[in-house]
Amino acid sequence: MKIVSAPRLLVGGRFTGPASLVIEDGTVVEIDATGSLDGPEHARFADGFLTAGLVDIQVNGGFGVDLAAADETGWAHLAHCLTAHGVTAFQPTFITAPVDELRAAVRRAAKVRPALDAPGFARVLGVHLEGPFLSPSQSGVHEPALMRLPTPRTLDALLTQDVAETLTMMTLAPELDGGIDAVRRLAAAGTVVSVGHSDATAEQTRAAADAGATMVTHIFNAQRGLQHREPGVAGQALDDDRYYIGLIPDLLHVAPSVCRLVMSVAAHRVALVSDATAAAGMPPGRYELGGQVVDVSPDGLPRNGDGRIAGSALCLDIGVRNLVGVGCGPAAVLDAATRVPADVLGRSDLGRLAPGAQADLVWWSEDLRVRRTWIGGDLAYDAERDAAVAGIPR
């Protein structure tokens, strides 16, 4: 039995404490507020607070690694470095590419995943395909020539058993020919469908939810925006409780005032995502995103050769500090980085401090710096211990 105690814990979206977590076999079995518990493996913290580990459901890469091209060493490097930022579980994301390449990428992820199921590595949750069923008019950095209509034949190629068992999410544009039927089929197969890179109207976005779509990918970016007579994807997502809302909190993809608006309207449905590329955690320079060359500009945004935004250079703990820094409540922000993204994927065992949940934890300082990270009750990162470890950014 292990015990972790702190002055405050984020439980059920609110801070409570002082209290202790009791951990057995990598799982939280009790939250105790009596102060009477003790044992040989008892980590006591006199300051700061505990939350569940961060869950990032849109990660293209980070720390110099582009997951679309990475080998097992690269995946391990990324999964290890994420723990320094409090991320204990992540969903690798692959952008639009030829269908055969996307299938191969999913298979590589499935092959690497068991090797990372070990102490010191963030959990790999499954794969998010951001494409190829996207709208060329809202392509962002995706290559329009590689986009496809969601025909039954193309869906067949992406839902073979060896791919479907690892495919946890797909972003698509529901207004495409066959789009609503594709939403139904994917949802029936157990894949989370997210509306994104889409020029759908509010009515079409509503129809996608009727068919089983449950999320909107990086709200306001690469989608029909909010207008007072045509709410578009963004407006419908804010108004429709069936949708979780992906928000990139770098304050560059979405302005601070609009981030506050999104959180005030729908905080209980907002899932913070990094949309991190290989540039995350790295200095300005040249990196890759799905085989494309991108440069990190002085403002901190990766851009391709045409100047289009190409993902982010964000680590999720920085996004948490960003939103709290512009006036969003810490409890709501941390809930949006833990419980909500886990709920998007139906993972009630992650993203929360509760009996039966995985003991994926973060001890934070009062100024929201990650001091320790545990995965399954095992210490994965310690800011003091690992300060000098190469590749672990502070």
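Just above, that's the structure.
Conventions used here
- Residues numbered from 1 in each chain as written.
- Predicted model: local features only at pLDDT ≥ 70, side-chain atom pairs only at ≥ 80, totals over all residues.
- Heavy atoms only, no water.
- Helix = DSSP H or I, 4+ residues; strand = E, 2+ residues; numbered from the N terminus.
- Buried < 20%, exposed > 50% of the residue type's maximum accessible area, 1.4 Å probe, protein only.
- Disulfide = S-S within 2.5 Å.
- Pairing = 2+ DSSP bridges.
- Axes fitted to C-alpha atoms, helices over the stretch in contact; angles between N-to-C directions.
- Polar contact = N/O pair within 3.5 Å; in protein donor to acceptor, adjacent residues only side chain to side chain.

Some thoughts on unusual backbone geometry
Trans is the common state for peptide bonds, and a negative phi is the common state for residues other than glycine. For the bond from Gly17 to Pro18, the omega torsion is 5°, close enough to zero to count as cis. Even without being a glycine, Phe220 presents a positive backbone phi close to 80°. Locating Phe220 in the fold gives a position in the loop between strand S16 (215-216) and helix H7 (232-239). For Leu251, which is not glycine, the phi dihedral falls at a positive 65°. Counting through the fold element by element, Leu251 comes out in the loop between strand S17 (244-247) and helix H8 (256-266). Judged by relative accessible area, which is 21%, Leu251 ranks as partly exposed.

Observations concerning the state of the cysteines
Inspection of the entire model under this criterion finds zero disulfides. No disulfide involves Cys81; its sulfur sits 8.9 Å from that of Cys315, the nearest cysteine. For Cys81, a relative accessible area of 0% gives the class buried. A residue is classified by how much of its surface remains accessible, and Cys315, at 6% relative accessible area, is buried.

Let's talk about the sheet that holds strand S5 (residues 27-32)
The four strands lie next to each other as S5-S4-S1-S6, forming an open sheet whose pairing is mixed. One side of each edge strand has no neighbouring strand; the edge strands of this open sheet are S5 and strand S6 (42-44). In this sheet, adjacent strand axes meet at a mean angle of 20° when their direction is disregarded. Of the strand pairs in this sheet, strand S1 (residues 2-6) and strand S4 (residues 19-24) are connected by five bridges, and their pairing is antiparallel. Considered in S4, the bridge of Lys2 is made with Ile23.

Side note on the side chain of Ser135
Mapped onto the secondary structure, Ser135 falls in the loop between strand S13 (127-130) and helix H3 (152-158). Using a relative accessible area of 6% as the deciding quantity, one classes Ser135 as buried.

Comments concerning the environment of Ser137
Structurally, the position occupied by Ser137 is in the loop between S13 and H3. With 55 residues separating them along the chain, Ser137 and Leu82 place their C-alpha atoms 33 Å apart. Among the polar contacts listed, one links the side chain of Ser137 to the side chain of Ser135, at a separation of 2.8 Å.

Observations regarding the pairing of strand S22 (residues 361-364)
Burial along S22 is two-sided: the face carrying Leu361 and Trp363 and the face carrying Val362 and Trp364 are both buried. Relative to S22, strand S7 (residues 49-52) is paired through four bridges, and the arrangement is antiparallel. Bridge pairing links Ala52 to Leu361 in S22. Where S22 meets strand S23 (residues 370-375), four bridges bridge the pair, whose relative direction is antiparallel. Paired with Val362 across the strands is Thr373, a residue of S23. Taking the residues that link successive antiparallel strands as the turn, the S22-S23 hairpin has five residues, and the phi of Leu368 there is positive, at about 65°.

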